[in-house]
Amino acid sequence: MPGDLVPRETLLVRIGAALAIALPAVATRAAGLHPPAVAAAVIYGAGVLAAAVLLMWAAETARADMSGALALALLALIAILPEYAVDVYYAYAAGTKPHYAGYAAANMTGANRLLVGVGWALVVLAFTLGVRRASRRAGRHGRPPPTAERDVRLAPHHRTELGFLALAAVLGFIPALTAEIGWYIAIVLIALYAVYLGRIARGGGEDVENLAGVPAWLVTLPRRMRRTATGAGFAIGAILVFISAEPFANALVDAGSALGIDEFLLVQWLAPLASEAPELIVAVVFAWRLRDADAIGALLSSKVNQWTLLIGSLPLAYKAGGGGWSLPLDSRQLEEVLLTASQTVLGLGLLIDLVLRRWEAALLFALFAVQFALPGEQARLVLSGVYLAIGFTVLINRYRDLGRAMEAVVRR
């Protein structure tokens, strides 16, 4: 049965549900209504979520007409376009509303830390539970387990992503040292991402036979119908991003004031959670189905593009909105960028040997959770030091793996 053994009627219901979730945002914007801030955040947040789902389905289906690791990287990029739209809007608005510069930094740092601190850990948890489920099922039928219990592993071709992430990790400290995301670092980071895409385009392939759910059904359609469905998914997703991103971004700020909650925290955590939830869910499903390399590989690719292209786009949006060529950072934003860059170093160190162990995933999640228990300035600086101390220690011990990753960047 197409769609990874899911009935076609169920898949159509999923598509209908995604469109229904987006309907209030479309109707509210079309009617020119201005609901209260909290209601607007919910309505337009649902629109962002629906856009992310549709874009991910379309991107996965498009892999049927593409080949190579480039398809996976484009999937990772397209899946988080709503995240880009919200963050770029904050940077653009900061050109005339200077306090929005802090929201741009908050959204960017929150998305990155959520991806590594929660997303990577969820993949390990889902994979561990999936292996145990498969083992129990095989035992009941007197068969050997399909895979021995082990840690999450990346494929060797993912060393390319790790090598580029290592370069981006070094560049990520420059904004924290200069108190700005300058045009110069933007050019370097965007160029680095372009080289990354060109490099992996010459790498190994990814099959579409392991797709699941709606994309698995769509790729079985005749080519013309499949491409029409893919184009419709991209178009509708893009329209929803255009409709929802700006009012959602503004509603979060207004909702914080109305509820007495720090707007910075809402922008930092709620917006990325809405825009990246579909990607995290897909990665967890991959891991649950014992596709650990696909799961963690997709999140790794997302980390690379967020820590290069996303950061690089912010100064350009700031300039387009009427600001200068460099997006300024205040002391709070400096600490957030430093903390995120430090977490990147640790994440790189733990993944550099192509294995993410359960205790390593637990460490990433525990350090991520500490920032909520100890939210002060001093705690952020100490936590950054902890990330760096552990990260550099691991990288020194795994210097051969780091060398292999850098070799994967430069070799033909």
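Residues numbered from 1 in each chain as written. Predicted model: local features only at pLDDT ≥ 70, side-chain atom pairs only at ≥ 80, totals over all residues. Heavy atoms only, no water.

The name given to the protein chain in an unreviewed UniProt entry is Sodium/calcium exchanger membrane region, with the source organism recorded as Actinomadura verrucosospora. UniProt, in its Subcellular location (unreviewed entry) section for the protein chain, records the words "Membrane". (UniProt positions renumbered as here; feature names shortened; annotations may be inferred.)

**Q** Outline the overall build of the protein chain, supporting the account with residue identities and numerical values.
**A** Within the protein chain, the regular secondary structure consists of 16 helices and 4 strands. Taken over 412 residues, the protein chain has a buried fraction of 55%. By sequence separation, contacts in the protein chain at least 24 residues apart represent 82% of the contacts at least 6 residues apart. Looking at the protein chain as shown, the accessible area adds up to about 17,000 Å², and 67% of this sits on carbon and sulfur atoms. (Helix = DSSP H or I, 4+ residues; strand = E, 2+ residues; numbered from the N terminus. Buried < 20%, exposed > 50% of the residue type's maximum accessible area, 1.4 Å probe, protein only. Contact = heavy atoms within 4.5 Å. Areas by Shrake-Rupley, 256 points an atom, 1.4 Å probe, with all protein chains shown as cover.)

**Q** Which residues make up a nonpolar patch on the surface, and what are the values?
**A** On the surface, a nonpolar cluster with roughly 340 Å² of combined accessible area is contributed by V38, V42, L259 and I261. Examined against the element boundaries, V38 turns out to sit in helix 2 (residues 37-62). (Patch = residues over 30% accessible without salt bridge, like charges linked within 9 Å, V, L, I, M, F, W, Y side chains within 5 Å. Salt bridge = Lys/Arg side-chain N within 4 Å of Asp/Glu carboxyl O.)

**Q** Account for the nonpolar core, naming residues and giving values.
**A** Counting residues in hydrophobic clusters, the biggest one holds 112 residues, and the most contacted among them are Y90, W120 and L162. At 16 residues, helix 5 (residues 100-140) tops the list of elements feeding residues into this core. Filtering out sequence-adjacent residues up to four positions away, Y90 remains in contact with Y100, Y103, A104, N107, A249, L252, V253 and V267. (Core = buried A, V, L, I, M, F, W, Y, C linked by side-chain atoms within 4.5 Å.)

**Q** An account of the pattern of salt bridges is requested, with residue identities and associated values reported.
**A** Considering all chains together, one arrives at 12 salt bridges under this definition. Between D151 and R358 there is a salt bridge, and its shortest N-O distance comes to 3.7 Å. Highlighted residues: D151 in the loop between helix 5 and strand 1 (152-153) and R358 in helix 14 (residues 358-373), separated in sequence by 207 residues. For D294, the salt bridge goes to R291, with nearest N and O atoms at 3.0 Å. Residue classification places D294 among the buried residues on the basis of a relative accessible area of 19%. A residue is classified by how much of its surface remains accessible, and R291, at 14% relative accessible area, is buried. Residues joined in a network through salt bridges with shared partners are R113, R332, E335, E336 and R380.

**Q** Talk me through the packing of aromatic side chains; I want residue IDs and the actual numbers.
**A** All told, the structure shown has 10 aromatic pairs when counted by the stated rule. A ring pair is formed by F368 and F372, whose centres lie 5.4 Å apart and whose planes are at 70 degrees; its orientation type is edge-to-face. One end of the pair is F368 and the other is F372, both in helix 14 and 4 residues apart, which spans about a single turn. We classify F368 as buried; its relative accessible area is 6%. Grouped by ring-pair contacts, the aromatic residues Y89, Y90, Y100 and Y103 constitute a single cluster. When the ring centre of Y100 is taken as origin, the NZ or CZ atom of K97, which lies over that ring, is 5.2 Å away. (Phe/Tyr/Trp six-rings, centres within 6.5 Å; stacked < 30°, edge-to-face > 60°. Lys NZ or Arg CZ within 6 Å of the ring centre and 35° of its normal.)

**Q** Tell me what's going on with helix 13 (residues 331-351), and back it up with residues and numbers.
**A** Taking 1.5 Å per residue, 21 residues should reach 30 Å; helix 13 reaches 30 Å between its end C-alpha atoms and fits that length. For helix 13, the side-chain oxygen to backbone nitrogen distance between the N-cap and R332 is 3.1 Å, and the N-cap itself is D330. (Expected span 1.5 Å × (residues − 1). Polar contact = N/O pair within 3.5 Å; in protein donor to acceptor, adjacent residues only side chain to side chain.)

**Q** Tell me about the environment of A121, and please be specific about residues and values.
**A** With respect to the element layout, A121 can be found in helix 5. Given a relative accessible area of 14%, A121 falls into the buried group. With sequence-adjacent residues up to four places away left out, A121 is seen in contact with V116, A361 and F365.

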